[in-house]
Amino acid sequence: MKNNNTNSTRSNLMKDNELFHVIHKVPCGDTPYVKAKHAQLIEKNPEMAIVWFWKAINTGDRVDSALKDMAVVMKQLDRSEEAIEAIKSFRPRCSKNSQDSLDNVLIDLYKKCGRMEEQVELLKRKLRQIYQGEAFNGKPTKTARSHGKKFQVTVQQEISRLLGNLGWAYMQQAKYLSAEAVYRKAQMVEPEANKSCNLAMCLIKQGRFEEARALLDDVFASRVLGADDCRTRQRAEELLSELEASLPRLRDAEMEDVLGNILDDDFVLGVEEMKTSNYKAKRLPIFEQISSFRNQLVC
């Protein structure tokens, strides 16, 4: 009887331990990586978590996850520059399957640090990988993970996401023509309200108010995906206020020259000549190939 009670107690303790790890999303064991996750998620001690993540990387304990998780924690502690260098130094130790997720972390880190040129180059490279068939292993979807949950991402969604990030990076560089071209292509792939707002902002910066208003009207009329999101509608309202405040201003010849000079000549725009702009449109390969790839998927 005593042995039965002991076995029952052990069984209950094991179940409680398993439940604890499931609830807190902490792996089982006593390795450096497990200790790092415990410090990060249970003890809420990010500095100690980084110490254990370093030990995990140096001892070869789940290096893929340790490097990625450490970079995320470093970003939270405003140590993004250090995180960038860590990824660049140690990603050769990581598996091929982890490289895409490390790229996504790098994109966020570059954005956090204001390293726009590097962010742009990385986004271009990832777009090239897609249309060259190097991403997704030739499949139309891939499995992604966010906050511990898995979900499926389509090629169209990934292209749209990357183009959205690229457009935002161009806007931070005041390259509004390049940003406009990228956002227009993103909307062709997957129309979405937040990108409509960003495209409207590009047009406002160029003094093309009526085109911007038409995009915002689509958001207010819920004609694009995500238009019912409260934050998106609030942003659309803010942009409309900015637009109305800017109406008296007209672009002069000098402004036209500035807008022409900020076009990103080394990248593909692949956009039809804009009737309201005087610059000569460029049609370069990358976006056209993305369009072809998208059309193949739709058929």
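Computed from a prediction, not measured in an experiment: that's the story for all the values here.

Conventions used here
- Residues numbered from 1 in each chain as written.
- Predicted model: local features only at pLDDT ≥ 70, side-chain atom pairs only at ≥ 80, totals over all residues.
- Heavy atoms only, no water.
- Helix = DSSP H or I, 4+ residues; strand = E, 2+ residues; numbered from the N terminus.
- Buried < 20%, exposed > 50% of the residue type's maximum accessible area, 1.4 Å probe, protein only.
- Contact = heavy atoms within 4.5 Å.
- UniProt positions renumbered as here; feature names shortened; annotations may be inferred.
- Axes fitted to C-alpha atoms, helices over the stretch in contact; angles between N-to-C directions.
- Parallel < 35°, antiparallel > 145°, perpendicular 65-115°, else oblique.
- Left-handed = near helix turned anticlockwise from the far one by under 90°.
- Nonpolar A, V, L, I, M, F, W, Y, C, P; charged D, E, K, R; others polar.
- Salt bridge = Lys/Arg side-chain N within 4 Å of Asp/Glu carboxyl O.

A. Molecular detail of the overall build of the protein. Counting its regular elements, the protein contains 14 helices and 2 strands. Burial status across the protein gives 42% buried among its 299 residues. For the protein, long-range pairs separated by at least 24 residues make up 53% of all intrachain contacts whose partners lie at least 6 apart in sequence.

B. Examining the UniProt feature "repeat: TPR" (unreviewed entry) in the protein more closely. Within this structure's numbering, the places UniProt gives as "repeat: TPR" (unreviewed entry) are residues 160–193. As annotated, residues 160–193 comprises 82% helix and 0% strand, and the C-alpha atoms at either end are separated by 12 Å.

C. Quick peek at the packing of helix α2 (residues 32–41) against helix α3 (residues 46–59). For the pair α2 and α3, the least separation of the axes is 8 Å and the interaxial angle reads 165 degrees. It follows from the interaxial angle that α2 and α3 lie roughly antiparallel. Classified by chirality, the crossing of α3 by α2 is left-handed. Between α2 and α3, the contacting residues are Pro32, Tyr33, Lys35, Ala36, Lys37, Ala39 and Gln40 on the first element and Met48, Ala49, Trp52, Phe53, Lys55, Ala56 and Thr59 on the second. Here the residues of the contact of α2 with α3 are counted per class, giving 9 nonpolar, 2 polar and 3 charged.

D. Structural view of unusual backbone geometry. Of note in the backbone geometry, Arg62 takes a positive phi value of approximately 50 degrees without being a glycine. Locating Arg62 in the fold gives a position in the loop between α3 and α4 (63–76). Non-glycine residue Ser222 carries a positive phi angle of around 55 degrees. With respect to the helices, strands and loops of the structure, Ser222 is situated in the loop between α11 (209–220) and α12 (230–246).

E. Expanded view of the environment of Cys202. Relative to the helices and strands, Cys202 resides in helix α10 (residues 193–205). The sequence separation of Cys202 and Ala179 amounts to 23 residues, and the corresponding C-alpha distance is 6.8 Å. Once you skip the residues sitting within four places of it in the chain, Cys202 turns out to touch Met171, Tyr176, Ala179, Glu180 and Tyr183.

F. How the structure looks around the pattern of salt bridges. Taken as a whole and judged by the stated rule, the model has 23 salt bridges. Here Asp103 and Lys126 are joined by a salt bridge, their closest N and O atoms 3.7 Å apart. On the criterion of sequence distance, the pair formed by Asp103 in helix α6 (residues 99–113) and Lys126 in helix α7 (residues 116–131) is long-range, its members being 23 residues apart. Like Lys126, Asp103 is buried. In this structure, the salt-bridge partner of Lys195 is Glu192, at a minimum N-O distance of 3.6 Å.

G. Structural detail: the side chain of Ser160. Mapped onto the elements, Ser160 comes out in helix α8 (residues 155–172). Setting aside its immediate chain neighbours within four residues, Ser160 contacts Ala186, Val189, Glu190 and Lys195.

H. Quick peek at the packing of α2 against α4. The interhelical angle for the contact between α2 and α4, taken along N-to-C directions, is 25 degrees, at an axis separation of 11 Å. By the angle between their axes, α2 is roughly parallel relative to α4. The element α2 and its partner α4 pack so that their crossing is left-handed. For the pair α2 and α4, contact is made by Tyr33, Lys37 and Gln40 and by Ser65, Ala66, Asp69 and Val73, respectively. Along the lines of polarity and charge, the residues of the contact of α2 with α4 split into 3 nonpolar, 2 polar and 2 charged.

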